[in-house]
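Observations on the three-dimensional arrangement
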Amino acid sequence: MYEREVGDYMRKNKPKKKPSNVSRLYWNYLQGSINPAELTSKQFNQIVLEQYMDYKQRGGYKSFEEYYTYIQSKGL
């Protein structure tokens, strides 16, 4: 849930400059420039991995497999 709130926050407030630790794909996703339905499986996996890294830095406890399954069921 929290990772969606952060994404929603970033989409609404749209920071002007991409942070150096964020990929261009993930940044475009956060900015709302990418339609999640049009992502390839490789792009989807990259976005989920970057979301997971943020989740773990914030103290998340799920394994990557659990997190990935959760995101697949809920959608990006």
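Before reading on, note that the structure itself is shown above.
Criteria and thresholds
- Residues numbered from 1 in each chain as written.
- Predicted model: local features only at pLDDT ≥ 70, side-chain atom pairs only at ≥ 80, totals over all residues.
- Heavy atoms only, no water.
- Helix = DSSP H or I, 4+ residues; strand = E, 2+ residues; numbered from the N terminus.
- Expected span 1.5 Å × (residues − 1).
- Core = buried A, V, L, I, M, F, W, Y, C linked by side-chain atoms within 4.5 Å.
- Buried < 20%, exposed > 50% of the residue type's maximum accessible area, 1.4 Å probe, protein only.
- Contact = heavy atoms within 4.5 Å.
- Axes fitted to C-alpha atoms, helices over the stretch in contact; angles between N-to-C directions.
- Parallel < 35°, antiparallel > 145°, perpendicular 65-115°, else oblique.
- Nonpolar A, V, L, I, M, F, W, Y, C, P; charged D, E, K, R; others polar.
- Left-handed = near helix turned anticlockwise from the far one by under 90°.

Helix length check: helix α3 (residues 41-57) (17 residues) gives 24 Å between terminal C-alpha atoms against 24 Å at 1.5 Å per residue, within 8%. Looking one or two residues past α3, G59 carries a phi angle of roughly 100°, positive in sign.

Bringing the nonpolar core into the picture now. If you look at the biggest cluster of nonpolar residues, it comprises 16 residues, and the most contacted ones within it are I47, V48 and L76. Broken down by secondary-structure element, the contributors of at least two residues to this core are α2 (24-31), α3 and α4 (64-74). Sequence-distant contacts of V48, that is, excluding residues within four places in its chain, are made with F64, Y67, Y68, I71 and L76.

So, about the packing of α2 against α3. Here α2 crosses α3 at 80°, and the two axes come no closer than 9 Å. The pairing of α2 with α3 is recorded here as roughly perpendicular in orientation. Within the contact between the two elements, α2 uses L25, Y26 and Y29 and α3 uses Q43, Q46, I47, E50, Q51 and D54. Residues belonging to the contact of α2 with α3 are distributed by class as follows: 4 nonpolar, 3 polar and 2 charged.

All right, on to the packing of α3 against α4 then. Interhelical geometry of α3 versus α4 gives an angle of 120° and a closest axis separation of 10 Å. Relative to α4, α3 is oriented oblique. Read as a crossing pair, α3 and α4 show a hand that is right-handed. Two secondary-structure elements touch here, α3 through F44, N45, V48, L49, Q51, Y52 and Y55 and α4 through F64, Y67, Y68, I71 and Q72.

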